[in-house]
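Overview (structure and organization)
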Amino acid sequence: MYSKFLRLSFLIALLLPFSTQAQKGNTPPKAKNTFSIAVIPDTQYNTEESQGGTNKLFETQIEWILANREAENIVYVAHLGDITDKGDSKPEQWANAAKAMYPLEKPLPGLPNGLPYGLAVGNHDQYPSQFAVSGTTKYYNQYFGIDHFKGRNYYGGYFGKDNDSHYDLISAGGIDLIIIYLEFDAFDEQQEAMNDWAVNLLKQYKDRKAIIVSHYILGYNPVAGSNVAGQASFGKQGQRLYDRVKTQSNVFLMLCGHVGDNGEGYRQDTYAGHTIKTMLSDYQSRPMGGNGLMRLLTFDLEKDQLRVRTLSPYHQLEEKDEDSFFTLPLFREASASRIYDFDLDGKADLYRFKDGNWYDAKSIKSSLGRKGDIPVPAPYTGYGKTNPAVYNAAGASFYVADWRAVPLGKPGDIPVPADYDGDGITDLAVWNPETAEWSAAGKDPVKHGWKASVPVPADYDGDGAAEMAIWRPSNKTWYIATVGNVPFGETGDIPLPADYNGDGKADIAVWRPSTGEWLVYGAEKAIKLGKMGDLPIPGDYDGSGKVQPAIFDPAAKVVRFANGQSIPFDAGIEEVVNIPYAIKRYYLDLMKK
């Protein structure tokens, strides 16, 4: 609905030293539900030994992976394609690739076939380059073909008559994965057939979380060094691939290389309540054919985190700018159940705001804003992680992450920040209670609702973008822009949309203070919790992926949960931030009547 108009990027490009060997005390052992996948980008100038690159950089990447396998719990290695530069015309480049990759096949404790790995076929691996069917991949299939992998316990199978497109099956951290490789196909010689094959695999293995690897899916970030400066654009093959696989809810990640100018790109897209993250990493345009840079993706199931590191074992350096070193939500997004997660651990945190200071349940955590400001925490500067932020109603300005004012609206407007364009970053917006107009910087106001309404923007249809929405108490109806109108609730109810069933969509829901009932549209039973005077503060407090009813009892200064548990929370009712301001204001005004 709204284009991004505020990009908060703290560009700190740092190269920090690290050890190429796992050292006791430096890297703590990974928990059983945490594992890593190593990602090798384009190695074409290493295997060709041109552009200053040598095969030693490639070999050192594999050496580091094996040396750190246990410390990082590395369970798989994915090569993104352009393994070589000249394809079948230079067989010696394939010999170099095998020299680098084959050490992964040495038997390891518990891994008789060695460390599982797979490779994508890029345009430079085809001869002539760019042609998936009319070109040849003789040496790729000689060194990394069907017969080479057949019989390995992780090898799943292949597409067509060769191993140019194939898939692997692994298990790690208590989940099962399928990793599907699709050949580069610039001239659409077999894209639809490959996509059909991939979709059939996704259906066949619907209980496995899926990662798709193809050489060219995505371009680089519009602003180098920043993941939040705008979505990187799909390439032609990437767009067609996403449009086919987005309907399969087990796909959560796509990886690619190919585009080496800026070398890094990221986007996320949500469909029917599930999000697919796509990452580009390719460093071939840097000195020494890429400086030996690679990535380590760490999947933390307990915290629901995907941590991304970019490092060069050859130079013993780690790149730390914003699009090289970052953490994302893994399976649950901020637009659904992941709300008020200030530390990105997969659970909602209790927070309060008082006189410009932000406190969790134990102590002060940060300072932003002044007495009288309206707290509007949300993920503004990083995917999934809630940031402190305030709206100064008198000055009609937002303050996010620092003390710079972002003017928006006019005095009396109600702040309604949400992710209106579905890119994973919260947009600043206000709603005028007199005109029912929604405003964002640089955009003409949009009228939606009536004067006596409660704005309740949320992602109701599961596309990742929040819809403008209001609940109208006079007729107890929800008016959701571009979606529809749904009668639900009674006079005196408090609208509390959230993802209560974990399907990635906001549910229409109300809390009835007169009875303490929580009612979710479509749910068979109500949950009873709280009473008039308590403050409803729903959130995913247990990390289950579902929002749970919760209330703050200001008299007892405790938070009570539907499971019967309670915890102390020393706060005033006006200070608690775990409820959207527009809803809180409506409820507090209702109690005064």
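Look up: the structure comes first, before these words.
All values reported here derive from a predicted model rather than from experimental measurement. Sequence order as written defines the numbering, with residues in each chain counted from 1. For a predicted model such as this one, the threshold for reporting local features is a pLDDT of at least 70, and the threshold for listing and counting side-chain atom pairs is 80 or more; totals across whole chains, interfaces and linings nevertheless cover every residue. Heavy atoms throughout the structure, all of them, feed into the side-chain values; hydrogens and water do not.

**Comments concerning the side chain of Arg338**
For the record, the criterion: Helix and strand assignments come from DSSP, with helices taken as H or I runs of at least 4 residues and strands as E runs of at least 2, each series counted from the N terminus. Throughout, exposure labels follow a simple rule: accessible area from a 1.4 Å probe, protein chains only, divided by the maximum for the residue type, with under 20% read as buried, over 50% as exposed, and the rest as partly exposed. Residues adjacent in sequence count toward polar contacts only when both atoms are side-chain atoms; beyond that, a polar contact is any pair of N or O atoms within 3.5 Å, and within protein one must be able to donate a hydrogen and the other to accept it. Note on contacts: a residue pair qualifies if any of its non-hydrogen atoms lie within 4.5 Å across the two residues.
Here Arg338 is to be found in the loop between β15 (326-329) and β16 (352-354). Assessed through its relative accessible area of 3%, Arg338 is described here as buried. Engagement of the side chain of Arg338 in a polar contact is seen with the backbone oxygen of Lys303, the distance being 3.2 Å. In this view, Arg338 contacts Lys303, Asp304, Gln305, Pro329, Leu330, Arg332, Glu333, Leu344, Asp345, Gly346 and Gly384; residues no more than four positions away in its chain are not counted.

**Regarding the sheet that holds strand β35 (residues 535-536)**
Rule in force here: Whether two strands pair comes down to DSSP finding at least two bridges between them.
Read from one edge to the other, the open sheet built from 4 strands follows the order β35-β36-β37-β38, with strand pairing classed as antiparallel. Looking along the sheet, the strands with just one partner apiece sit at the ends: β35 and β38 (566-568). As judged from the 3 bridges shared by strand β37 (residues 558-561) and β38, these two strands associate in the antiparallel manner. Bridge pairing links Val558 to Pro568 in β38.

**Considerations on the sheet that holds strand β23 (residues 414-415)**
Taken in spatial order, the 4 strands of this open sheet run β23-β24-β25-β26, and their pairing is antiparallel. Pairing within the sheet leaves two strands with one partner each, and these edge strands are β23 and β26 (446-447). Sheet topology places β23 next to strand β24 (residues 430-431); 2 bridges connect them, and they run antiparallel. When the sheet's bridge partners are listed, Pro415 is paired in β24 with Val430.

**Section: the side chain of Thr270**
Summarising the element assignment, Thr270 is placed in strand β10 (residues 264-271). Of note is the side chain of Thr270, whose polar atom sits 2.6 Å from the side chain of Thr275. Every residue in contact with Thr270, bar those within four places of it in the chain, is listed here: Tyr242, Thr275, Gly462, Asp463 and Gly464.

**Some remarks on the nonpolar core**
For clarity, the threshold we go by: By nonpolar core we mean a set of buried residues, namely Ala, Val, Leu, Ile, Met, Phe, Trp, Tyr and Cys, connected to one another through side-chain atoms within 4.5 Å.
Ile65, Phe144, Met279 and Phe299 are the most contacted members of the largest nonpolar core, which totals 61 residues. In this structure, Phe299 is in contact with Asn33, Thr34, Phe35, Ile37, Ile211, Phe252, Leu253, Gln305, Leu306 and Leu330, ignoring residues within four places of it in sequence. Counting 51 residues, the second largest nonpolar core, distinct from the first, contains Phe353, Val456, Ala506 and Val559.

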